[in-house]
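For reference, the chains in residue letters:
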Amino acid sequence: MTHQTPSRGRRRAPTRMERAAGRAAALHKPRVILALLLLLALTCVLLLDGYLRAEVGGDQRVRTGAGSSDVPDTVLDGGPILTFRGGRATAVSVPAKTIALTFDDGPDPTWTPKVLDILREYGVPGTFFLVGSMVSRHPGIVRTMVDQGNEVGIHTFTHVDLSYQSDARIKREMEQTQLALAGAAGITTTLFRAPYSSETDAIDDYSWPVYKKLGADGYTSVFVDTDSDDWKRPGVSKIVKWATPKAGEGAAVLFHDAGGERSQTIAALSRYIEKMRAKGYTFTTISGVLGQRNAAATGAAGAVRDGGTGTAGGASEASAVSGSQAAHRIATGTTLYEGRALIAAVAVAEWTVPALSAGLIVVGVAVLGRFAMMLVLARRHHRQRNRRRFGWGPPVTRPVSVIVPAYNEKECIAATLGSLARSTHPIEIIVVDDGSTDGTAEIAESLGLPNLRVVRQENAGKPAALNNGVRHARHDIVVMMDGDTVFEPDTVRQLVQPFADPEVGAVAGNAKVGNRDTVIGAWQHIEYVMGFNLDRRMYDLLRCMPTIPGAIGAFRREAVLEAGGMSHDTLAEDTDITIALHRAGRRVVYQEHARAWTEAPGSLGQLWSQRYRWSYGTMQALWKHRKSLTDRGPSGRFGRVGMPLVVLFQIVTPLFAPLIDVFTVYSMLFVDFRAALLAWLAVLGVQLLCAAYAFRLDREKYRYLLMMPLQQLAYRQLMYLVLIHSCVTALTGGRLRWQKLKRTGEAGTAAGVG
């Protein structure tokens, strides 16, 4: 029998969806691009943070034992300050009774401020050779350092031995540190000290070309006369003793304000300053030493000029700040703004990475907790529902109505209706043809099934088709299925048995993937088995089932009508109606033995479209029913139990779970490959355990679990992008109409039930 639903003139729903579909199509590509950009931005933040911590691009090599035949003797035997005025190497010594306090490896947020406090207390200036990555992470300390009258120099950006590095890497190390100084304190500098350097007699044939190149660029390289060796933590007395120069001699003295535990350095510094002052020593900066040397050379006692040459740091001689800070240059133009941008980017990375790490710990604990809860509750559910004496009540034998919404299902409709014809339970079949253009309705009618009615309507979407079917249903129980789904002969009978319990308002069946022999199909098969056999069992016992799948679900007709039918408000009408039933006080249960075989998307594009619709629709449904959080009774129970679980496990966790893979790859490449791999394998092992148990409950073949590692690497990343896409759509307010996936009719055949 065929029914034609007449046109009702101006109908709001189709017009609204058609109008919204245009908006969604226009916004689709930008949303995908934004999702990819967000993933790229996260990767960049991780790489930047790793670079700052020397995890990315770090080089721990330190050269020792090399010859120095190419280094001039005047340099090897000269003072600790190496200039290249006029292209000629000159080693400058510190004047007698003069100390140039220098500090390496900072700034450190713990120790550098304590060093600065001591220097301020005694009115002593220092020269700090700073690591660029630390400058960018602690810019406030550098500003205080410069404002206090201290001088700063470059100690490279990542503390690498430059003798091993290419010219490009050397240039990058210097320029990035200059940018960090510009962003932190608004200055650049001409002073440089190489990591792992000491006295000038340690210059070798590999490092000498580096110093000459930097000298040609305007840098003054600084070495030491006296090394306190405070990094060895030998005790305060020895630090003071080792830092003391020979009687009356001047010296560039090395301490460390970072790079380890420096409490001994802090304790020794005050004692050292007092000791040297008692011996008649004065303290100055490296620029102060060069100023004294220039003054002596020119005979101008009050003149103080920079002993460096050129314009390293990109500023002019005229922009020198003061005599004791003569190596500083005021940063201007692009150098200043690029420096500020670097500091801002590092601040974002410094906040984002720890926050993500903390979030991932929370998510990891939640995921493991979820797995544990699912295993416990799934086992309990299985035992409870499969006991010999378990029953819902008297057997349900009365006829039910099966509603099949169909839109261009010519490949599948015959198999779908053929499977219903073999049902062991009395049914009427209502095919609602939603404006198909491929002859779906004609194929259904040609089958000549006695209990079949075909209802035609203009294309209005799946919710409208289902509502139309409910209106035409003759029985008090309605079963809803998709037009591409195949039921087993006993499916309907199993599905309706829970209605013997008057509290039950709806039943979710067990959807199975028919086309599981492809890679994408196998991935979804794993997802379906785990989702239905573990998640739904857990939600069933907690009485907060979030979704009755569109492929197989049964409802009391009166319950659907009381809830207002299938709503057009969301793209996930199945989730919407399920939550509505919970809020109305109806119980929703899971029937594992009611199996339906459906055809999963066969391509990544179709999979994206389907999951995008599901994810976005779920968000819409949760937002629509947000008031349940404050309701009382059954509605409040779902709002305070079911909704948080759905948000946590279907939105937040899937959103963060792929980040675990990103962090894992990052850790494998730049931190500790073995530890990261073992951690990832441990998580995979837990997931495999849960999946294997789910497969056991559903009596599925374990061979599909071989695809699970690849699923975790590829499939989850796709789901992450889909979820980002859905979040962007939710923020921009786009809508989608009922999307039609390309079908092949393989569901029933592949499963062996068609």
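In what follows, the structure referred to is the one given above.
Everything numeric in this text was worked out from a predicted model, so none of it was measured.

Procedures and definitions
- Residues numbered from 1 in each chain as written.
- Predicted model: local features only at pLDDT ≥ 70, side-chain atom pairs only at ≥ 80, totals over all residues.
- Heavy atoms only, no water.
- Helix = DSSP H or I, 4+ residues; strand = E, 2+ residues; numbered from the N terminus.
- Areas by Shrake-Rupley, 256 points an atom, 1.4 Å probe, with all protein chains shown as cover.
- Phe/Tyr/Trp six-rings, centres within 6.5 Å; stacked < 30°, edge-to-face > 60°.
- Buried < 20%, exposed > 50% of the residue type's maximum accessible area, 1.4 Å probe, protein only.
- Lys NZ or Arg CZ within 6 Å of the ring centre and 35° of its normal.
- Expected span 1.5 Å × (residues − 1).
- Axes fitted to C-alpha atoms, helices over the stretch in contact; angles between N-to-C directions.
- Parallel < 35°, antiparallel > 145°, perpendicular 65-115°, else oblique.
- Contact = heavy atoms within 4.5 Å.
- Nonpolar A, V, L, I, M, F, W, Y, C, P; charged D, E, K, R; others polar.
- Salt bridge = Lys/Arg side-chain N within 4 Å of Asp/Glu carboxyl O.
- Core = buried A, V, L, I, M, F, W, Y, C linked by side-chain atoms within 4.5 Å.
- Polar contact = N/O pair within 3.5 Å; in protein donor to acceptor, adjacent residues only side chain to side chain.

*Asks:* Whenever I open this one, the overall build of the protein chain confuses me. Can you help?
*Replies:* Within the protein chain one finds 23 helices and 21 strands. Summed over its atoms, the accessible surface of the protein chain is roughly 31300 Å², and 57% of this surface lies on carbon and sulfur atoms.

*Asks:* Explanation requested: the packing of aromatic side chains in the structure shown.
*Replies:* Note on aromatic pairs: each is described by the distance of the centres and the angle between the planes. Using the criterion set out here, one finds 8 aromatic pairs in the structure. Between Phe 84 and Trp 208, the ring centres sit 5.9 Å apart and the planes meet at 40°, which makes this aromatic pair tilted. Of this pair, Phe 84 sits in the loop between strand S2 (81-83) and strand S3 (90-92) while Trp 208 sits in helix H7 (residues 208-216); the two residues are 124 residues apart in sequence, bridging distant segments of the chain. The pair Phe 84 / Trp 208 is uniform in exposure class, with both members buried. Consider the rings of Phe 192 and Tyr 211, whose centres lie 6.5 Å apart with planes at 55°: the pair is tilted. Residue Phe 192 is found in strand S8 (residues 191-192), and its partner Tyr 211 is found in helix H7; the two are separated by 19 residues along the sequence. Take Phe 192: its relative accessible area is 0%, and that puts it in the buried class. When its relative accessible area of 5% is taken as the criterion, Tyr 211 is described as buried. Three or more aromatic residues joined by ring pairs make a cluster, and in this case those are Phe 103, Phe 128, Phe 255 and Tyr 272. The ring of Tyr 164 carries Arg 63 above its face, with NZ or CZ at 4.0 Å from the centroid.

*Asks:* I keep staring at helix H21 (residues 673-697) and nothing clicks. Help me out?
*Replies:* Given 3.6 residues per helical turn, the α-helix brings residues three or four places apart onto the same face. Taking 1.5 Å as the rise per residue, H21 with 25 residues should run 36 Å; its terminal C-alpha atoms sit 36 Å apart, in good agreement. Of all the residues in H21, the buried ones are Ala 676, Trp 680, Leu 684, Gln 687, Cys 690, Ala 691, Tyr 693, Ala 694, Phe 695 and Leu 697. In the segment just after H21, Arg 699 is the residue with positive phi, at about 55°.

*Asks:* Could you clarify how one ought to interpret unusual backbone geometry in this entry?
*Replies:* A negative phi holds for most residues other than glycine; trans holds for most peptide bonds. For the bond running from Gly 106 to Pro 107, omega is 0°, close enough to zero to count as cis. Position of Pro 107 relative to the elements: it lies in the loop between strand S4 (98-106) and helix H3 (112-122). One non-glycine residue with positive phi stands out, namely Lys 97, at about 55°. By the element assignment, Lys 97 lies in the loop between S3 and S4. Of note, the phi angle at Arg 233 is positive, near 55°, even though the residue is not glycine. The residue Arg 233 is located in the loop between strand S10 (226-227) and helix H8 (236-243) in this model. When its relative accessible area of 39% is taken as the criterion, Arg 233 is described as partly exposed.

*Asks:* What's the story with the packing of helix H11 (residues 333-385) against helix H16 (residues 519-542) in this structure? I'm lost.
*Replies:* Any two packed helices are characterised by the angle at which their axes cross and by the distance between the axes. With their axes 8 Å apart at the nearest point, H11 and H16 run at an angle of 75° to one another. For the element pair H11 / H16, the angle class is roughly perpendicular. Here Arg 370, Met 373, Met 374, Leu 377, Ala 378, Arg 380, His 381, His 382, Gln 384 and Arg 385 of H11 lie close against H16, whose contacting residues are Asn 533, Leu 534, Asp 535, Arg 537, Met 538, Asp 540, Leu 541 and Leu 542. When its residues are assigned to classes, the contact of H11 with H16 shows 8 nonpolar, 4 polar and 6 charged.

*Asks:* Please explain the environment of Ala 465 as it appears in this structure.
*Replies:* Mapped onto the elements, Ala 465 comes out in helix H14 (residues 462-472). Note on Ala 465: relative accessible area 0%, which makes it buried. Between the C-alpha atoms of Ala 465 and Met 566, which are 101 residues apart in sequence, the distance is 9.1 Å.

*Asks:* Got a minute to help me understand the environment of Leu 629 in this structure?
*Replies:* Position of Leu 629 relative to the elements: it lies in the loop between helix H19 (604-624) and helix H20 (633-670). The class for Leu 629 is partly exposed, based on a relative accessible area of 39%. On a C-alpha basis, the gap between Leu 629 and Gly 642 in space is 9.7 Å, while along the polypeptide they are 13 residues apart.

*Asks:* Mind showing me how you'd approach the environment of Tyr 715 here?
*Replies:* Inspection of the secondary structure assignment puts Tyr 715 in helix H22 (residues 708-732). In this structure, the C-alpha to C-alpha distance between Tyr 715 and Leu 604, residues 111 residues apart in sequence, is 9.5 Å. Look past the residues within four positions of Tyr 715 in its chain and what remains in contact with it is Trp 523, Gln 524, Glu 527, Leu 607, Arg 611 and Leu 710.

*Asks:* Is there a simple way to explain the pattern of salt bridges in this structure?
*Replies:* Side-chain pairs of opposite charge can arise whenever the charged atoms involved come near each other. Under the definition given, this model contains 31 salt bridges. Two residues, Arg 137 and Glu 350, come together in a salt bridge whose shortest N-O distance is 3.4 Å. In this pair, Arg 137 sits in helix H4 (residues 132-137) while Glu 350 sits in helix H11, placing the two residues 213 residues apart along the sequence. Through salt bridges that share partners, Lys 462, Asp 482, Glu 573 and Arg 613 make up one connected network.

*Asks:* Looking at this model, I keep getting lost on the nonpolar core. Mind explaining?
*Replies:* Nonpolar side chains tend toward joint burial in soluble globular proteins. Counting residues in each nonpolar core, the largest one holds 121 residues, and the members touching the most others are Val 404, Leu 417, Leu 420, Ile 429 and Phe 555. Leu 420 has contacts with Val 402, Val 404, Ile 427, Ile 429, Met 481 and Phe 487, leaving out every residue within four places of it along the chain. If you look at the next biggest cluster of nonpolar residues, it comprises 62 residues, including Leu 82, Leu 116, Val 240 and Val 253.

*Asks:* Would you take a moment to explain the side chain of Asn 515 for this structure?
*Replies:* With respect to the helices and strands, the residue Asn 515 is situated in the loop between strand S19 (504-513) and H16. For Asn 515, a relative accessible area of 6% translates into the label buried. At 2.9 Å, the side chain of Asn 515 and the backbone nitrogen of Ala 600 are in polar contact.

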